[in-house]
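The primary structure of each chain is shown beneath.
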Amino acid sequence: MKFFIDTANVEEIRKANDMGIICGVTTNPSLIAKEGRDFKEVIKEITTIVDGPISGEVKATTTKAEDIIKEAREIASINSNIVVKIPITEEGLKAVKALSKEGIKTNVTLIFNSTQALFAAKAGATYVSPFLGRLDDIALPGINLIEEISEIFNNYDINTEIICASIRSPLHIAECALAGADIATVPYKVITQCLKHPLTDIGIEKFRKDSEQ
Ligand code: G3P
């Protein structure tokens with residue numbers, strides 16, 4: 001399974017990239033707003049840090065297919081590794097179909113059931129982003145969605161890649177890997193949580209003390 005980092009914070013991206021574990025970045029309008037920076041400026045800076053797929057999302061106020069296509073072309077022009085994130089709507093699928101014919105990569109987002117993922121793949125999406133954490137947040141087992149999409153895509157040899165999004169914990173990562181997802185996009189906080197284990201800390205402390213004898 002590949003790892004992307006889910007943030008628009010360039011320092012977090014640099015730290016995760018330096019660890020050698022990520023090969024892409026996903027952002028969304030909320031993550032961009034959190035940085036208080038110009039969208040194009042921050043996406044451009046991110047492309048100088050990671051040369052893998054960088055997802056930049058169309059504005060939530062851009063709802064008609066022709067406007068999504070126009071904005072997507074602008075976003076894609078920022079750099080050759082840009083992937084345009086588009087919410088799963090009827091107009092969004094029309095835009096994905098057109099953009100895929102132009103060779104512009106798309107990441108269809110805000111996916112909460114397997115039929116949305118299947119339709120996005122049929123429209124030509126490069127990636128689909130099912131949000132498992134937000135399902136967990138309302139007491140629905142988000143991992144079931146990942147397993148369903150993974151099984152359906154395997155049944156029909158669908159090349160669209162599954163980016164498990166809305167990751168809340170290290171457990172989510174292990175479950176997504178077991179479910180056969182292609183990618184997990186992980187907040188920096190969860191990346192650091194994955195590395196921590198009390199027995200690792202205890203073992204390092206013992207080795208440190210023993211090495212001082
Ligand atoms: O960026 C898409 C997704 O990962 C957002 O997750 O934490 O806002 O549910 P979250």
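Residues numbered from 1 in each chain as written. Predicted model: local features only at pLDDT ≥ 70, side-chain atom pairs only at ≥ 80, totals over all residues. Heavy atoms only, no water.

Engineer: Residue-level account of the pattern of salt bridges, with values.
Structural biologist: The full count for this structure, using the stated rule, is 16 salt bridges. In this structure, Lys40 engages Glu74 in a salt bridge whose closest nitrogen and oxygen atoms are separated by 3.8 Å. Of this pair, Lys40 sits in helix H3 (residues 39-47) while Glu74 sits in helix H4 (residues 65-76), placing them 34 residues apart in sequence. A salt bridge links Lys59 to Glu71; its shortest N-O distance comes to 4.0 Å. With Lys59 in the loop between strand S3 (54-57) and H4 and Glu71 in helix H4, this pair connects stretches of sequence that are 12 residues apart. Classification of Glu71 as buried rests on a relative accessible area of 12%. Taken together, the shared-partner salt bridges in this structure form one network comprising Glu11, Arg14, Arg37, Glu41 and Glu45. (Salt bridge = Lys/Arg side-chain N within 4 Å of Asp/Glu carboxyl O. Helix = DSSP H or I, 4+ residues; strand = E, 2+ residues; numbered from the N terminus. Buried < 20%, exposed > 50% of the residue type's maximum accessible area, 1.4 Å probe, protein only.)

Engineer: Give me the site of the ligand: which residues, what numbers.
Structural biologist: Neighbouring the ligand are the residues Asp6, Asn28, Lys85, Phe131, Arg134, Ala165, Ser166 and Arg168. Contacts to the ligand include Arg134, whose side-chain N or O atom sits 2.7 Å from an oxygen atom. Expressed as a share of its isolated accessible area of 310 Å², the protein-covered part of the ligand is 83%. (Near = heavy atom within 4 Å. Polar contact = N/O pair within 3.5 Å; in protein donor to acceptor, adjacent residues only side chain to side chain. Areas by Shrake-Rupley, 256 points an atom, 1.4 Å probe, with all protein chains shown as cover.)

Engineer: I'd like a description of the sheet that holds strand S1 (residues 2-6), backed by residues and values.
Structural biologist: On the basis of which strands lie adjacent, the closed barrel formed by eight strands has the order S1-S2-S3-S4-S5-S6-S7-S8 and parallel pairing. Strand-to-strand twist across the sheet, computed as the mean angle between neighbouring axes with direction ignored, equals 30°. Where strand S4 (residues 82-87) meets strand S5 (residues 106-111), four bridges bridge the pair, whose relative direction is parallel. Across the sheet, the residue bridging to Val84 is Thr106, located in S5. Against the sheet, helix H5 (residues 90-101) contacts S4 and S5, and its axis sits at roughly 155° relative to S4. (Pairing = 2+ DSSP bridges. Axes fitted to C-alpha atoms, helices over the stretch in contact; angles between N-to-C directions. Contact = heavy atoms within 4.5 Å.)

Engineer: Provide a residue-level description of the side chain of Ser129, including the pertinent values.
Structural biologist: Locating Ser129 in the fold gives a position in strand S6 (residues 127-130). Within polar-contact distance, the side chain of Ser129 engages the side chain of Asn107 at 2.7 Å. Ignoring anything within four residues of it in the chain, the contact list for Ser129 reads Lys85, Asn107, Val108, Thr109, Leu110, Ile111, Ile163 and Ala165.

Engineer: Outline H5, listing residues and values.
Structural biologist: Look at H5: 17 Å from first C-alpha to last across 12 residues, which is about the 16 Å you get at 1.5 Å a residue. Taken residue by residue, H5 has Glu91, Gly92, Leu93, Ala95, Val96 and Leu99 as its buried positions. If you follow the buried residues of H5, they end up packed against H4, S4, S5 and helix H6 (114-123). Remark: Gly103 follows H5 within two positions and exhibits a positive phi of approximately 80°. (Expected span 1.5 Å × (residues − 1).)

Engineer: Just give me the short version of the packing of H5 against H6, but keep the residues and values in it.
Structural biologist: One way to put it is that H5 packs onto H6 with a least axis distance of 8 Å and a crossing angle of 35°. Contacts between H5 and H6 involve Leu93, Val96, Lys97 and Ser100 from the former and Phe119, Ala120 and Ala123 from the latter. The residue makeup of the contact of H5 with H6, split by class, is five nonpolar, one polar and one charged. (Nonpolar A, V, L, I, M, F, W, Y, C, P; charged D, E, K, R; others polar.)

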